[in-house]
Amino acid sequence: MNLASLAPLAVVLPILGAALTFVLIRHSRAQRAVSICLLSLTLLLECLLLASVWNGGTSAVNIGGWIPPYGIVLVVDQFSSLMLVVSSAVSLAVLVYATGQGMADGDQDAPVSIFHPTYLILVAGVSNAFLSGDLFNLYVGFEILLTASYVLMTLGGTGPRIRAGVTYVVVSVVSSVLFLIAIAMVYGATGTINMADLAIKLSELDQGTKTLLHVMLLVAFGIKAAVFPLSFWLPDSYPTAPAPVTAVFAGLLTKVGVYAMVRTETLLFPGDSLNTPLMVVALLTMVVGILGALAQSDIKRLLSFTLVSHIGYMVFGLAMSSVAGLAAAVFYVAHHITIQTSLFLVTGLIERRGGSSSVDRLAGLAKLSPLLALLFFVPAMNLAGIPPFSGFLGKLGLMQAGIGLGTPLAYALVIGGVLTSLLTLLAVARVWNRAFWRKAEDAEHPDPVLLAPIPDVERDTATEGGTAVRLLPRTMVGPTLGLVVLGVALTVFAGPLFQVADQSAAAMLDRSAYIQAVLGDGAPVPALALSGGGK
Amino acid sequence: MSVNLTLLTVMGALYACGIYLILERSLTRVLLGLMLLANATNLLILATGGYAGLAPFFSKDTDPASYSDPLPQALILTSIVISFAVTAFMLGIIYRTWVLARQDDIQDDIEDRRVAETPSFDAEDDAVIPVETSEFPLPMRGPDGSVAADPTATVEAGGRTLLAEHAALEEKPGSGNITTDRNTGTENGTDTDGGAK
């Protein structure tokens, strides 16, 4: 039996887990066991999928036995299986972290019992979006993960979270409506919503209709991916959510938008008709995002702005539509999911240890907890792109592809990319200097926990409201350490990873493997209208 | 493909009203706007299915060309369910906002306001004389390069003789004047009090 036919399980297992954990809502111990087991199983399955795609190439599963252009298709190719593996690894780490936080705190801060089912549904939605070979199924995947994220965003229903949740929900719903309008128009123009079928039929449309559909899809996905003029909702809504929730949102949700943009650009509308506007947008995303980050004093908000800014790198790689650029973008997506999530998890730990996430109020953490300093330093330098970390390798790949392209705009983007990288370094160095190295007395209104004598710290506990709260429980430090190690592993194994990225980029630009996997070997693959952009 | 003009007009009106409503600050109106947008989109999907009046069901005797396209209706059904769930959730949020803040308006982000009002000058980053934040303070050096480790070392500043470490403290932004002599301190104090009166 072909291993790839197990692909639907990547969606079904988390949904099954959600149902089970919902039944077990009063038994938190069983709930934790079920959700962690099922997510580990999903991760294992997705590793197998990646291995099978690596050996056997792209394959498609027809849900319900419908013949391809009519039914729902799940497609496993190199890019989607790589995304699945990285996203599941990251969401597993965040799940362990969140359970650790729940076990350390009890249920005071958030209703943890509803967390597990919602979280698993979010994972199912992300997997569905990565796997779907059908525009409407992609929309359903988006809606599954968005609805779960609405609940996670407003967990606990406190004032700030509700305020942030309103912005988030309204913006997401508007982007979904735009996506649905685009789907309706695509269906009206071509009579199909199967992506492989669309790849053939869209090329037969006239240029005006094609550009309209292309722009509508890009705007809808651009809102979800937080690309510059459409990115202002993100730093407004992410920072108020609980730390693990922000971490998983930062890692996965925007990347699903980027994934959809990649599919739109490569599979549906290949060629370079919109590459110039995309490049301008990428440049603005990078520079405006990082300038926003420099103004912030709250670490979570600062990281949200760097998140927006670094989406620009991925759009840059995508807009080049050359194998080198796309491969670098794929590598960058995998790197950025891991690093951004681990930074948000570390920020959660900093907030626990230092009593605040504002750099004005934090101080002296390097002395209080050297491990925490290490956990922050490695991903922060990785994000800024300091050699030899994977952030440097990804940016180097993008710069090389940009210089290979050789147009003035590409050079402007290369310069903008280097500048953004330096400004990222400035932003994280500010956090590093203030939160970790200055004396606690120099901070504005430092939390008493920072000024506590060292022996108190070594016990790692502080009394708050009469109950002992562990400041840095092992169940929270462990998964964070795991993610940081994964981020370093991306550096160590950058060679094989770049090979996967190169292969998937080549396959995506070629399109024949995807189309023939869905529609059968005899399907005609329209010739690419690539101009000078491709090497 | 033929299109029903009435449906198209209704769709346009729904979009116009929906967009107008989501630009309001009141949350209930925003919700109504979102519902109108969702329904307008449903009509748009319906319009892609072609003109109404064709056979809806499969039967072997019907010519394939005279079927109504069933797919748009399946899509609409899904999107209705989704917008139903989102509407329910939005209602929950609106109720919660009302419970918490007793108002139906979109509120401002406090942190956003604070960052906007932060002056561009930051004493720690931008001060001309950098504030020493290291745990290993540099020793004060005299003009001849010798280390002024003597705690009784004095410097001339502002016409007064101050202890060297007090003079250093005065250099920090925001620190008050430190007087070496208790007598002069009280005199200064009475002077300023007198001036205020």
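So, here is what we can say about the structure in this document.

**Comments concerning the overall build of chain B**
For step 1, the next point in the chain: When you go through chain B residue by residue, the secondary structure sums to seven helices and two strands.
For step 2, the next point in the chain: In sequence order, chain B lays out its α and β elements as α-α-α-α-α-β-β-α-α.
For step 3, the next point in the chain: When burial is assessed residue by residue, chain B has 15% of its 197 residues classed as buried.

**Let's talk about the interface of chain B and chain A**
For step 1, the next point in the chain: Taken together, the contact pairs 32 residues of chain B with 30 residues of chain A.
For step 2, the next point in the chain: Those elements that provide at least two residues to the side of chain B that touches chain A are α2 (27-48), α3 (71-101) and α4 (110-117) of chain B.
For step 3, the next point in the chain: Its residues placed into classes, the side of chain B that touches chain A shows 20 nonpolar, seven polar and five charged.

**Some points on the nonpolar core**
For step 1, the next point in the chain: Residues L145, I183, A282, V315 and V330 of chain A are the most contacted members of the largest nonpolar core, which totals 216 residues.
For step 2, the next point in the chain: Counting residues per element, this core draws most heavily on helix α13 (residues 323-354) of chain A, at 19 residues.

**Some remarks on the environment of L413 of chain A**
All names here are of chain A.
For step 1, the next point in the chain: Note on placement: L413 falls in helix α17 (residues 408-437).
For step 2, the next point in the chain: A residue is classified by how many C-beta atoms lie within 10 Å of it, and L413, with 28 of them, is buried.
For step 3, the next point in the chain: When residues no more than four places from it in sequence are discounted, the contact partners of L413 are M279, A282, L283, F316 and G402.

**Here we look at helix α5 (residues 135-153) of chain A**
In an α-helix there are 3.6 residues to a turn, and that puts residues three or four apart on one side.
For step 1, the next point in the chain: The end-to-end C-alpha distance of α5 of chain A is 26 Å, a good match for the 27 Å that 19 residues give at a rise of 1.5 Å each.
For step 2, the next point in the chain: By the criterion of burial, α5 of chain A is predominantly enclosed, with 18 of the 19 residues buried.

**Some details on the pairing of strand β2 (residues 73-76) of chain A**
Residues and elements named next belong to chain A.
For step 1, the next point in the chain: Residues V73 and V75 point to one face of β2 and L74 and V76 to the other, with burial holding for every one of them.
For step 2, the next point in the chain: With four bridges joining them, strand β1 (residues 59-62) and β2 adopt antiparallel strand pairing. Looking at β2, one finds that A60 is bridged to V75.

**Here's the deal with unusual backbone geometry**
Residues and elements named next belong to chain A.
For step 1, the next point in the chain: Each neighbour pair has its own omega, and for P387 with P388 the value is 5 degrees, a cis peptide bond.
For step 2, the next point in the chain: Tracing the backbone through its elements, the reader meets P388 in the loop between α15 (370-384) and α16 (390-405).
For step 3, the next point in the chain: Of note, the phi angle at A226 is positive, near 60 degrees, even though the residue is not glycine.
For step 4, the next point in the chain: Among the secondary structure elements, A226 is positioned in the loop between α8 (207-225) and α9 (233-237).
For step 5, the next point in the chain: With 26 C-beta atoms counted inside 10 Å, the residue A226 sits in the buried group.

**Some words on the packing of α15 of chain A against α17 of chain A**
Residues and elements named next belong to chain A.
For step 1, the next point in the chain: One way to put it is that α15 packs onto α17 with a least axis distance of 8 Å and a crossing angle of 165 degrees. Taken together, the axis directions place α15 and α17 in an arrangement best described as roughly antiparallel. Viewed along their axes, α15 and α17 form a crossing whose handedness is left-handed. Residue-level inspection shows A373, F376, F377, A380, L383 and A384 of α15 in contact with α17, the latter providing S421, T424, L425, V428, W432 and F436.
For step 2, the next point in the chain: Looking at side-chain class alone, the contact of α15 with α17 contains ten nonpolar, two polar and no charged residues.

**Observations concerning the environment of F377 of chain A**
Residue and element names in this part refer to chain A.
For step 1, the next point in the chain: Within the fold, F377 resides in helix α15.
For step 2, the next point in the chain: F377 gets classed as partly exposed once you count the C-beta atoms within 10 Å, which come to 16.
For step 3, the next point in the chain: Residues F377 and A427, spaced 50 residues apart in sequence, show a C-alpha to C-alpha distance of 13 Å.

The rules behind the values
- Residues numbered from 1 in each chain as written.
- Chains lettered and ligands numbered in written order.
- Predicted model: local features only at pLDDT ≥ 70, side-chain atom pairs only at ≥ 80, totals over all residues.
- Helix = DSSP H or I, 4+ residues; strand = E, 2+ residues; numbered from the N terminus.
- Buried ≥ 20, exposed ≤ 12 C-beta atoms within 10 Å, placed from the backbone.
- Contact = placed C-beta atoms within 7 Å.
- Nonpolar A, V, L, I, M, F, W, Y, C, P; charged D, E, K, R; others polar.
- Core = buried A, V, L, I, M, F, W, Y, C linked by C-beta atoms within 7 Å.
- Expected span 1.5 Å × (residues − 1).
- Pairing = 2+ DSSP bridges.
- Axes fitted to C-alpha atoms, helices over the stretch in contact; angles between N-to-C directions.
- Parallel < 35°, antiparallel > 145°, perpendicular 65-115°, else oblique.
- Left-handed = near helix turned anticlockwise from the far one by under 90°.

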